[in-house]
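Observations on the model geometry
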Amino acid sequence: MTGGDFAGGSGSDLLVVFDSGEVRLFPDVGTKGLDGGIKLADTGSIWSHADQITGGSFGTATYVSDRLVRWSDGEVTDCTAVSDKGFGTEHQLEKPKSAWKDATLVTAGDFTGGNNWDTLVRWSDGHVSQFQDTGPGGTGTEIQMAPAGSIWSRDSVMTAGSYDSNGWPDDLLVR
């Protein structure tokens, strides 16, 4: 699952990909909980092969309405302008069987202040890469943040957002 502003309302939305391949968008999630959501893909769809998703702003909109997917075969795609009407426009950023098959955790935030958000990846060997300015044209410039075998190999969950007073999505929470 990932958060974003896919439905265009006043609150943050939740996009959920189920193991079955069903995809649902829950608009304006708040304290009142979740309703049934909007079904964007049925059970048995190709989405059962989506290993990781993250929302972001990858160069086409003012809001967090884009979505990056790492597929089980290592392909990486970006869908821009995801909405309650569908998945928007898909762009292939990495071909199947790429090194991205070894990506274990993926998140996105605006760590460098560029036009597009950046993607942070923890790989199976424990090294961490930042891909600056991910967008429809590619994953961006790779910068190694931590070497293989680093303490990051114990990272089990990570997400980016705005968790301090600067109001910018450049913070990282790690478990």
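Residues numbered from 1 in each chain as written. Predicted model: local features only at pLDDT ≥ 70, side-chain atom pairs only at ≥ 80, totals over all residues. Heavy atoms only, no water.

1. Here's the deal with the overall build of the protein chain
What the protein chain contains, in helices and strands, is zero helices and 14 strands. Listed N to C, the secondary structure of the protein chain is β-β-β-β-β-β-β-β-β-β-β-β-β-β in terms of helices and strands. Expressed as lengths along the three principal axes of its C-alpha atoms, the size of the protein chain is roughly 40 × 40 × 30 Å. Burial statistics for the protein chain: of 175 residues in total, 46% are counted as buried. Across the protein chain, contacts joining residues at least 24 apart in sequence account for 31% of those joining residues at least 6 apart. Working note: accessible area of the protein chain is about 8,700 Å², and carbon and sulfur atoms make up 50% of it. (Helix = DSSP H or I, 4+ residues; strand = E, 2+ residues; numbered from the N terminus. Buried < 20%, exposed > 50% of the residue type's maximum accessible area, 1.4 Å probe, protein only. Contact = heavy atoms within 4.5 Å. Areas by Shrake-Rupley, 256 points an atom, 1.4 Å probe, with all protein chains shown as cover.)

2. Quick word on the sheet that holds strand β10 (residues 118–123)
Strand order across the open sheet formed by four strands is β9-β10-β11-β12, with antiparallel pairing between neighbours. A single partner strand is all that each edge strand has here, and the edge strands are β9 (103–109) and β12 (141–146). Adjacent strand axes in the sheet meet at a mean angle of 25 degrees when their direction is disregarded. In the sheet, β9 pairs with β10 via six bridges, with the strands oriented antiparallel. Across the sheet, residue Ala 103 finds its bridge partner in β10, namely Trp 123. (Pairing = 2+ DSSP bridges. Axes fitted to C-alpha atoms, helices over the stretch in contact; angles between N-to-C directions.)

3. Some details on the layout of surface pockets
Counted as a void, the largest pocket has a volume near 520 Å³. Listing elements by their share of the lining of the largest pocket, those giving two or more residues are β1 (2–4), β5 (50–56), β9 and β13 (158–161). With five residues, the top contributor of residues to the lining of the largest pocket is β5. Taken as a whole, the second largest pocket holds about 170 Å³ of empty space. Together, Ser 57, Ala 61, Thr 62, Val 64, Asp 110, Gly 114, Asn 115, Trp 117, Gly 167, Trp 168 and Pro 169 line the second largest pocket. Grouping the constituent residues of the lining of the second largest pocket by class yields five nonpolar, five polar and one charged. (1 Å grid on protein atoms, 1.4 Å probe; cavity = no way out; pocket = protein on both sides within 12 Å on 5 of 7 lines; lining within 4 Å. Points joined across faces, edges and corners; volume = space filled by probe spheres on them. Nonpolar A, V, L, I, M, F, W, Y, C, P; charged D, E, K, R; others polar.)

4. Considering the nonpolar core
Grouped together as the largest cluster of nonpolar side chains are 15 residues, with contacts concentrated most on Val 23, Trp 47 and Phe 87. Of all the elements in the fold, those that place two or more residues in this core are β2 (13–17), β3 (23–26), β4 (38–41), β5 and β6 (66–71). Contact partners of Phe 87, with chain neighbours within four places excluded, come to Val 23, Leu 40, Ala 41, Trp 47, Arg 67, Cys 79, Thr 80 and Val 82. Grouped together as the second largest cluster of nonpolar side chains are 12 residues, Val 76, Leu 93, Trp 100 and Trp 123 included. (Core = buried A, V, L, I, M, F, W, Y, C linked by side-chain atoms within 4.5 Å.)

5. Some details on the pattern of salt bridges
Opposite charge on two side chains allows them to pair when their charged atoms are near. In total, this model carries four salt bridges according to the counting rule given. A salt bridge links Glu 22 to Arg 24, with the nearest nitrogen and oxygen atoms 2.5 Å apart. In this structure Glu 22 comes out as buried when scored by relative accessible area, which is 14%. Residues Asp 84 and Lys 85 are paired through a salt bridge, measuring 3.6 Å at the closest nitrogen-oxygen approach. (Salt bridge = Lys/Arg side-chain N within 4 Å of Asp/Glu carboxyl O.)

6. A few points about the packing of aromatic side chains
Considering all chains together, one arrives at five aromatic pairs under this definition. Put simply, the rings of Trp 47, Trp 71 and Phe 87 pair up and form one aromatic cluster. (Phe/Tyr/Trp six-rings, centres within 6.5 Å; stacked < 30°, edge-to-face > 60°.)

7. Some details on the sheet that holds β2
Within the open sheet, the four strands sit side by side as β1-β2-β3-β4. Their pairing is antiparallel. If you trace the sheet from one side to the other, it starts and ends with β1 and β4, each paired once. Across the sheet, the mean angle from the axis of one strand to that of its neighbour is 25 degrees, orientation sign disregarded.

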